[in-house]
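Close look at the chain arrangement
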Amino acid sequence: MNHRKKNNHLSRKYGHRKSILSNMSSSLIKNKKIFTTLAKAKALKKYVEPIITKSKINTTHSKRNIFSLLRDKIAVSELFNESFKKVRERPGGYTRIIKIGFRSGDMAKVSLIELVDFNNIYNSKKNLKLVRRSGKKKRVNLIE
C-alpha cells in the first residue's frame, strides 16, 4: 500500500533533500531549464510551483517567505522581475518535464524540466515547415 507516502525522499535525509530542492529551484528560476533525473524533476516540480504561485503577490512578506525557501537573492529578485510577468498571469502549471533518455553511467532516467513560458520552440507562432503532399509545396503551421 502507498498510503501517506506523498513525498519522494530521494534516498536522502531531510536537510540534504531540502538543500538539493532549494538549489535546483533557484537554478531553474535563473536558467529557465535544467537537466536532471526524472525522480528529482518530479520532486522539484512539487517544490517550485507553490513558490511561483506565492510570487504572484508582490509584497515584502511574500519575498521573505520565498527567500526562506530558495536562499538565493538573485533568484528571488529574478522571480519578482518583469520578465516573469507572463508566468504570473498563468493560472498554474508553470513547469514542464520532458523525458530525454538514460544516463550512460548508471542508466538513470534523465529529463529536462523547464519553465513553460520561456520555451521559444513550443510557444512560437512562426514555426513553419515545408510539407509535400501530392507534389505541391505548401507551408503548414505546426503549432496553431
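Quick look at the structure, then. (Residues numbered from 1 in each chain as written. Predicted model: local features only at pLDDT ≥ 70, side-chain atom pairs only at ≥ 80, totals over all residues. Heavy atoms only, no water.)

The next point concerns helix α1 (residues 14-31). Side chains three or four residues apart in an α-helix point the same way, a direct result of the helix having 3.6 residues per turn. Helix length check: α1, at 18 residues, gives a terminal C-alpha distance of 26 Å against a target of 26 Å (1.5 Å per residue), a fit within 8%. Turning to α1, its buried residues number three or more, namely Arg-17, Ile-20, Leu-21, Ser-22, Met-24, Ser-25, Ser-26, Leu-28 and Ile-29. Those residues of α1 hidden inside the fold are in contact with β1 (33-37), α2 (38-54), α3 (60-70), α4 (73-79), β2 (95-102) and β3 (109-115). Downstream of α1 by a residue or two, Lys-32 has a phi angle that is positive, lying close to 70°. (Helix = DSSP H or I, 4+ residues; strand = E, 2+ residues; numbered from the N terminus. Expected span 1.5 Å × (residues − 1). Buried < 20%, exposed > 50% of the residue type's maximum accessible area, 1.4 Å probe, protein only. Contact = heavy atoms within 4.5 Å.)

A word on the sheet that holds β1. Pairing is antiparallel across the open sheet formed by 3 strands, whose spatial order is β1-β3-β2. Across the chains shown, the open sheet's two edge strands, defined by having one partner strand only, are β1 and β2. Put simply, the sheet's adjacent strands are angled 25° from each other on average, direction ignored. Pairing analysis gives 7 bridges linking β2 to β3, with the strands arranged antiparallel. By the bridge assignment, Phe-102 is partnered in β3 with Lys-109. (Pairing = 2+ DSSP bridges. Axes fitted to C-alpha atoms, helices over the stretch in contact; angles between N-to-C directions.)

Moving on to α3. For α3, the full list of buried residues reads Ser-62, Ile-66 and Leu-70. Looking straight down α3, one finds that the buried residues subtend no more than 65° of arc, so they occupy a single side. In α3, those exposed residues whose orientation departs by more than 90 degrees from the buried face are Thr-60, His-61 and Arg-64. Tucked inside the fold, the buried residues of α3 contact α1, α2 and α4. Positive backbone phi, approximately 55°, marks Arg-71, located one or two places after α3. (Arc of directions from axis to C-beta.)

What follows concerns the nonpolar core. Within the largest apolar cluster, 25 residues are counted, with the highest numbers of intra-cluster contacts made by Leu-28, Ile-29, Leu-44, Ile-52, Ile-66, Leu-70 and Leu-79. Of all the secondary structure elements, the ones that give two or more residues to this core are α1, α2, α3, α4 and β3. The element contributing the most residues to this core is α2, with 7 residues. (Core = buried A, V, L, I, M, F, W, Y, C linked by side-chain atoms within 4.5 Å.)

Bringing the packing of α1 against α2 into the picture now. Running from N to C, α1 and α2 cross one another at 80°; their axes reach a closest spacing of 10 Å. Comparing the axis directions of α1 and α2 gives the class roughly perpendicular. Side by side, α1 and α2 meet where Leu-21, Ser-22, Met-24, Ser-25, Leu-28 and Ile-29 of the first sit next to Lys-40, Ala-43, Leu-44, Tyr-47 and Val-48 of the second. Tallied by class, the residues present in the contact of α1 with α2 amount to 8 nonpolar, 2 polar and 1 charged. (Parallel < 35°, antiparallel > 145°, perpendicular 65-115°, else oblique. Nonpolar A, V, L, I, M, F, W, Y, C, P; charged D, E, K, R; others polar.)

A separate point is the packing of aromatic side chains. All told, the structure shown has 1 aromatic pair when counted by the stated rule. Lying over the aromatic face of Phe-118, Lys-32 brings its terminal NZ or CZ to 5.0 Å of the ring centre. Note that Lys-63 overlies the ring of Phe-80, its terminal NZ or CZ placed 5.3 Å from the centroid. (Phe/Tyr/Trp six-rings, centres within 6.5 Å; stacked < 30°, edge-to-face > 60°. Lys NZ or Arg CZ within 6 Å of the ring centre and 35° of its normal.)

Topologically, Glu-49 is positioned in helix α2. Salt bridges are absent for the buried Glu-49, whose nearest opposite-charge side chain, Lys-45, sits at 4.5 Å. Separated by 3.4 Å, the side chain of Glu-49 and the backbone nitrogen of Tyr-94 make a polar contact. Every residue in contact with Glu-49, bar those within four places of it in the chain, is listed here: Gly-93, Tyr-94 and Thr-95. (Lys, Arg positive; Asp, Glu negative; His and termini not counted. Salt bridge = Lys/Arg side-chain N within 4 Å of Asp/Glu carboxyl O. Polar contact = N/O pair within 3.5 Å; in protein donor to acceptor, adjacent residues only side chain to side chain.)

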